[in-house]
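# Coordinate inspection notes
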Amino acid sequence: MNWCARVLCVGLILFAASVGAAQAAWHSIAFHYGANAPLDELHAFDIAVVDPDHGFDPSAYRTPGNELFAYVSVGEVNPSRPYASQILPAWRLATNQAWGSIVIDQRPAAWREFFYAKAISPLWARGYRGFFLDTLDSYQLGGNQADPIAQQAGLVALIKGLRQRFPGIRLIANRGFELMPGLSGDIEAVAAESLFRGWDAASRSYRAVPEQDRAWLLEKLGEVKRRYGIPVIAIDYVSPDDRALARETAQKIRELDIVPWVADGGLGTLGVSNVEVLPRRVLIVFDSRESTGMHSRSPHRYVEMLLNYFGYVADYADANRPLPEPDRGSYAGLIAWFDGQLPPAAGARYARWLGARVAEGWRVALFDDPGFAPTPENLSPLGLSSAQSPVGPIAITQRTVNVGYELEPMPRTRTVTRLRLDNSAGTSWLRLHDARGEVFDGVGMTRWGGFVWNPFSVVEYNGTSRWVVNPWEFLRQALALPDLPVPDTTSDAGRRMLFAHMDGDGFPSRAEFAGSPYCSQVVFDQILKRYPTVPHTMSVIEGEVSPQGLYPKDSPALEAIARQMFALPNVEIASHTFSHPFRWSKVEARDASSDEDADYHLDIPNYIPSLDREIEGSVDYIRTRLAPADKQVRILLWSGDAAPTAGALAHVRRAGLLNMNGGNTTVMQANPSITHISPLGARLGSNFQVFAPIANENVYTNLWRGPFYGFEHVTETFSLTGEPRRIKPIDIYFHTFSASKPASLKALQKAYDWALSRPVRPVFSSEFMQIADAFNHVVLARDAADGSVRVRNAGALRSLRAPRSLGEPNLAASEGLAGWSDGPDGRYLIMTAEEARLRFGASTLQRPYLVDANARVMRWQWQGNTVQGELAGHAPVEFTLANAQGCAVRVNRQAVTGSPSGQLLRFKLNDAAATLDISCRGR
C-alpha cells in the first residue's frame, strides 16, 4: 500500500510532459493534503495537488502559471468518503486493514461509471482539471482473489475513460508501472516514494532506503523515462527539523535526473525540491488579555511595520490558546511580545512550546517580558538564568552601538528585568549591574535569536514613544533575515507612488471665503480642478448629503457638487458610510445602549447602524444618485476609529469592495520616531484592512483645534517615510473641511505642490489597495537549477526592492523585468507581470532598460536589439531609459528624442499612454 494513498505530497518538480498531442511544459508541482494548505506559498509551483475535501477553490487559485490538482484514490474508497456507503458488494475485493478502506475490484464496468459520476464529476464541476491518481496497485491486496491481468486491464480502461469523458483532463499517476504499456500518452508523469529516505508509518520514524530497494525503483523510473518520455518524480521523507538533510537528499535525486520532493512523513509541510519557497511569514505570539483587539497590540503597533519593510507578513497566535506548530517551509521565524507574565498554566505551556521550537532550530525574537515564570526549567533551554532582585542604583557595564537608537537607555531598579545571559549562550548588547555587582542583561543575541527586555524596547512617555534598541538591526540579526528581493508597496515603475483621498466629513460645511461656499465646492474648484494629474478617491457620507440625512434642504446642492466631483476623470468614487460610525465594534453589535459610548454615529433620527446599511446601503445610494453611469463605486473608506471588526471586513469583501483607512503614520521632525509609522494594514481572519499610508490633517491640527495650517507638516512625514528608507507611498489624506479655512486650504495645496515637485508615479488609491493586499500573497522561491529567485502570485504588485548587496540585476538572464532604478535603500526592480525570475550579477549584454516612469508598465519585451513596450498612466507619460544612447526611440509610431541626463535619456510626452519601439541595431 502506498503512503500517498493517505497523505498528499507537497512540491513535485516536472520539466516537460506530453499528453497525446498536447504538450505541457512544467517546471514544478506541489502536493499538500493539509486542511490549511498554504495556498499562497503553493503558487511557487506550477501545479499544486491538494485534498479536494478541504474545500479549496481551483478556479480562484488558478493563474496562467498555476493550477490546483485534486488527489483521487482509484483503487480504494475510504469509509469517510460520502459515496462509500454506495459501494456494491460485488465491487469489494478486500479491505485494507491498515486504513480500514475498501479495496475495489477494477473489473466491473459499473464500477467505472460509478467512479466517474461520484468521484470525478463533482470535482470537475468545482473547477478541477487535473488529478493525481493514487492506489493504482491496491488490487494486489486481494491476494488469490485478484486476477492481476484483469485488474490492470480494468484500471487502464478506467483511465482511458477519464480522458474520453472529461476532455482536457490532466493525470499524474502514483506508481502504476505495470499499467504504463496501455497508457502511453494518457499520463503526464509518474511519481514514486522513498528513493533515498523513507517514512515508516507504523513506527512513525524516518529511515534510509536499502540499496536493493533503491536499485529496483531506479530501474522502474528509468524505464518510464526511456519508453514513454515523461517526467518521473521521487518523493522522499525527512524530518522537517532537518532542513539540511532535506536539501542534501533533494540534490541526490536531482543528480539522477529525477524530480525530487523531500518533505515530512505526513507530507503536510513545504519541503525541498528543485524549487524551494523562501518563507515570508513570521509568527507573532501575544497575550490577548493585554489588548482589546489587533489595532492596539504592541507587536502590531511597533514590530509589524518593520517586518513589512523587510518583506514579511505577520501571523498572530494567542498564547492563552493552544499554539500551532509552524511550518519551517512557510515561516522565517518567531516573535513573542508580552507586557508581563501569562497566567501560570498558559505561561508553562508557552515555555514548553518555545523550548521545543528552540530545540528544532527556529530563530526567535523576544520582546519586553519572557511571559513565563523565570524558573530554571523554563530558562535553561534559552541559555538564560534568573538574577536576584537589584539593590541600589543600576549602572551600564557594556553596550553596543545598537542600544540608544532613539532614546538613551534609562535603567531603573524597579523596572529592570531580572535575567542574565549565560556566558556561553550568546552576546550581550546591554549589560547592567547593581550596587553589589549582580548582573542583568537587557538586550542580547543568542544562538537561537535574541531578546530585548523592558524598558529597552519601546518606551512610552508624554503621549509619544521611542525605541531604545535599534529594531532594524535587532530583528535582522535575531531572525537571521537574509538579503532578498522584497515585495514593495511604496513604488511602481521605479518611482514612489502618489495618490490622494478624501473622507467626506464636512461636505455640507460652509467655508470662510467670500459668499460662504460649501467646503465641497471649494475642494472641487481649488483641489480637484487645480491638480488634474493627481488621481483622487473622493467620498461622501450619505447621512450628510442625501435627502434622508441631516441636511435635507441642502441636499440638492450637495448632491450636485458630488456629481460634479465624481464625473471628473481624475476622481474615483468611494463611500464614507451612511452615518459615519465612530466605533465599528458597536455597529456590528447594533449597540444602542445609553452609556458613554452610545453616541457612536451621526445622530440620524430613528436610526440604529447596521453593517448592511452602512456599507451596501451607502454604496447603492451613491451608485444610483451620484455616480456617472460608467463609473463603479468600489471602495469603502472606514470612518471614526477606523477599527473594523473581522465581521465588518468580511462584509466589505462579500460586497466586492476595496477598503482603506486606519493606521496612524505621523512621524515628523518634532516627533521623528519610527514608532509613529504604522504597518501596511491589519489582517483579521482571512480579510485585510489596508491602512492609509499617511495620517490625515486631524492629527496635524490637534483634532481641528489648531493651528489650522498644521497640515503643511505632512511634507515632513512624506520625507521621513521616503528616506533613508522608503517605507510609505505619498498619500495626501484629508477631509472636506480642510477647505473651510484659508490657512488649512493653503496647507493642503502645499502638500500637493511638494509631492508634484518630486518624480512620482500617480496612482488611484484603489491601485494602492490592491498592491497592499497583494503584498500578503506574493511568494518567492529559490530555483536550485540556476540560483535564480522566482516571484509568483504578485497580483497587482509590480515593484521589488533589492538590497545592493545582491549586485545589479542581470536583465539579460532575468525574466519579467523591464528595468530598475536606484532608491535611497536599494534598487527598485520594475516587474512587467505578476511573475518574474531574477538573476543578479553583471551582464556583458548592455540592453536598453527602463529606469523609471510615471505610468504602469503594461508590456516590455526584448527581441534581439529591439524593445517593444507599453506604458499607461493617469498623466502625460514621462519615462527614463538607460543604455539607450544611439538607439532609435519611437513612441506611438513617431520618432522622439530624449533629453540627456548623464548616462540616461529622459522623455516627456503629451499622452497618458504610450507604445514604445526602441531599436539599437547598430550595437
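Residues numbered from 1 in each chain as written. Predicted model: local features only at pLDDT ≥ 70, side-chain atom pairs only at ≥ 80, totals over all residues. Heavy atoms only, no water.

Right, let's talk about the overall build of the protein chain for a bit. For the protein chain, the count of helices and strands is 21 helices and 55 strands. Judged by the C-alpha coordinates and their principal axes, the protein chain covers about 100 × 80 × 70 Å. Looking at the 923 residues of the protein chain, the share that counts as buried comes to 60%. Within the protein chain, residue pairs in contact and separated by at least 24 positions form 71% of the contacts whose partners lie at least 6 positions apart. Here the protein chain has roughly 35100 Å² of accessible surface; of this, 49% comes from carbon and sulfur atoms. Considering the protein chain, the positive charge centre built from 92 side chains and the negative charge centre built from 96 side chains are found 3 Å apart. (Helix = DSSP H or I, 4+ residues; strand = E, 2+ residues; numbered from the N terminus. Buried < 20%, exposed > 50% of the residue type's maximum accessible area, 1.4 Å probe, protein only. Contact = heavy atoms within 4.5 Å. Areas by Shrake-Rupley, 256 points an atom, 1.4 Å probe, with all protein chains shown as cover. Lys, Arg positive; Asp, Glu negative; His and termini not counted. Charge placed at Lys NZ, Arg CZ, Asp CG, Glu CD.)

The subject of this paragraph is helix H4 (residues 148-165). Think of an α-helix as turning once every 3.6 residues; residues three or four places apart then point the same way. Under the 1.5 Å per step criterion, the end-to-end length of H4 is 25 Å for 18 residues, consistent within 8% with the ideal 26 Å. Among all positions in H4, only Gln151, Gln152, Gly154, Leu155, Val156, Leu158, Ile159, Gly161 and Leu162 are buried. (Expected span 1.5 Å × (residues − 1).)

Next up on the list: the sheet that holds strand E3 (residues 29-32). Ordered by their spatial adjacency, nine strands build an open sheet running E3-E4-E5-E9-E10-E11-E14-E15-E16, and the pairing between neighbours is mixed. Where the open sheet ends on each side, the last strands, each with one partner, are E3 and strand E16 (272-273). Alignment of strand E14 (residues 232-237) against strand E15 (residues 259-263), held across five bridges, turns out to be parallel. For Ile233, the partnering residue across the bridge sits in E15 and is Val259. Along the sheet, helix H3 (residues 109-126) makes contact with strand E5 (67-73) and strand E9 (130-134), crossing E5 at roughly 160°. (Pairing = 2+ DSSP bridges. Axes fitted to C-alpha atoms, helices over the stretch in contact; angles between N-to-C directions.)

So, on to the nonpolar core. Counting residues in hydrophobic clusters, the biggest one holds 174 residues, and the most contacted among them are Ile732 and Phe879. Sort the elements by how many residues they give to this core and helix H20 (residues 742-756) lands first, with seven residues. Setting aside residues no more than four positions away along its own chain, Phe879 makes contact with Leu850, Asp852, Ala853, Leu871, Val891, Leu905, Arg906, Phe907, Leu909 and Leu916. With 93 residues, the next largest nonpolar core counts Val49, Ala70, Ala84 and Val779 among its residues. (Core = buried A, V, L, I, M, F, W, Y, C linked by side-chain atoms within 4.5 Å.)

Within a regular beta strand, the side chains point alternately toward one face of the sheet and then the other, so they alternate between its two faces. Of all six residues in strand E45 (residues 826-831), six are buried, a share of seventy percent or more. As judged from the four bridges shared by strand E43 (residues 799-802) and E45, these two strands associate in the antiparallel manner. For Arg801, the partnering residue across the bridge sits in E45 and is Tyr828. The pairing of strand E44 (residues 817-823) with E45 spans six bridges and is classified as antiparallel. Bridge pairing links Trp820 to Leu829 in E45.

Burial of helix H21 (residues 765-775) is extensive: eight of the 11 residues sit out of reach of the surface. Among the residues of H21, those classed as buried are Ser765, Ser766, Phe768, Met769, Ile771, Ala772, Ala774 and Phe775.

For the structure shown, the criterion picks out 39 aromatic pairs. Ring centres of Phe177 and Trp216 lie 6.2 Å apart, and the angle between their planes is 75°; this geometry places the pair in the edge-to-face category. Here Phe177 is found in the loop between strand E10 (170-174) and strand E11 (189-193), whereas its partner Trp216 is found in helix H5 (residues 211-228), with 39 residues between them in sequence. When its relative accessible area of 43% is taken as the criterion, Trp216 is described as partly exposed. When the ring of Trp337 is compared with that of Trp467, the centres are 6.2 Å apart and the planes differ by 75°; the resulting orientation is edge-to-face. Of the two residues, Trp337 is situated in strand E20 (residues 331-338) and Trp467 in strand E29 (residues 464-467); the sequence distance between them amounts to 130 residues. Here Trp337 and Trp467 have matching classes, each one buried. Put simply, the rings of Tyr83, Trp91, Trp111, Phe114, Phe115 and Tyr116 pair up and form one aromatic cluster. In this structure, Lys741 is placed above the aromatic ring of Phe708, and the distance from its NZ or CZ to the ring centre is 4.6 Å. (Phe/Tyr/Trp six-rings, centres within 6.5 Å; stacked < 30°, edge-to-face > 60°. Lys NZ or Arg CZ within 6 Å of the ring centre and 35° of its normal.)

A few words now on the pattern of salt bridges. Under the criterion given, the structure shown has 47 salt bridges. Between Arg163 and Asp186 there is a salt bridge; the shortest N-O distance is 3.1 Å. Of this pair, Arg163 sits in helix H4 while Asp186 sits in the loop between E10 and E11; the two residues are 23 residues apart in sequence, bridging distant segments of the chain. Here the residues in one salt-bridge network are Asp783, Asp786, Arg790, Glu815, Arg837 and Arg839, joined through shared partners. (Salt bridge = Lys/Arg side-chain N within 4 Å of Asp/Glu carboxyl O.)

With that settled, the discussion passes to the packing of helix H12 (residues 519-528) against helix H14 (residues 555-567). Their axes nearest at 9 Å, the elements H12 and H14 cross at an angle of 20°. For the element pair H12 / H14, the angle class is roughly parallel. Considering only the axes of H12 and H14, their crossing is left-handed. Packed against H12, whose contacting residues are Ser520, Gln521, Val523, Phe524 and Leu528, the element H14 presents Leu558, Ile561, Gln564 and Met565 at the interface. When the residues that make up the contact of H12 with H14 are grouped by side-chain class, the tally is six nonpolar, three polar and no charged. (Parallel < 35°, antiparallel > 145°, perpendicular 65-115°, else oblique. Left-handed = near helix turned anticlockwise from the far one by under 90°. Nonpolar A, V, L, I, M, F, W, Y, C, P; charged D, E, K, R; others polar.)

Relative to the assigned elements, Thr832 resides in the loop between E45 and strand E46 (836-838). Judged by relative accessible area, Thr832 falls into the buried class, the value being 16%. Other than its neighbours up to four places away in sequence, Thr832 contacts Arg798, Gly816, Leu817, Ala818, Val857, Met858 and Trp860.

On to the confidence of the model for the protein chain, then. In the predicted model, the protein chain carries a mean pLDDT of 92, and 96% of its residues have values of at least 70. Note that pLDDT drops below 50 for residues 1-24; the model gives that stretch 128 contacts with residues more than four away or on any other chain. (pLDDT = per-residue confidence, 0-100.)

With that out of the way, let us pick up unusual backbone geometry. Looking along the chain, the bond that leaves Gly706 and enters Pro707 is cis, with omega of 5°. Looking at the secondary structure, you find Pro707 in the loop between helix H18 (697-700) and helix H19 (714-720). For the bond from Glu723 to Pro724, the omega torsion is 0°, close enough to zero to count as cis. Mapped onto the secondary structure, Pro724 falls in the loop between H19 and strand E39 (730-735). Even without a glycine there, the phi angle at His580 is positive, about 50°.

Ordered in space as E48-E49-E55-E51-E52, the five strands form an open sheet in which the pairing is antiparallel. Edge positions in the sheet fall to strand E48 (855-863) and strand E52 (894-896), since each has one partner strand and no second. Each strand axis lies, on average, 25° off the axis of its neighbour in the sheet, ignoring direction. Relative to strand E55 (residues 913-919), strand E49 (residues 866-873) is paired through seven bridges, and the arrangement is antiparallel. Its bridge partner being in E55, Glu870 is matched across the sheet by Thr915.

The next subject is the pairing of strand E51 (residues 888-891). With burial as the criterion, only one face of E51 is covered, namely that bearing Val889 and Val891; the residues Ala888 and Arg890 on the opposite face remain uncovered. Where E51 lies against E55, four bridges are found, and the strand directions are antiparallel. For Ala888, the partnering residue across the bridge sits in E55 and is Ser919. In the sheet, E51 pairs with E52 via three bridges, with the strands oriented antiparallel. Paired with Arg890 across the two strands is Ala895, which belongs to E52.

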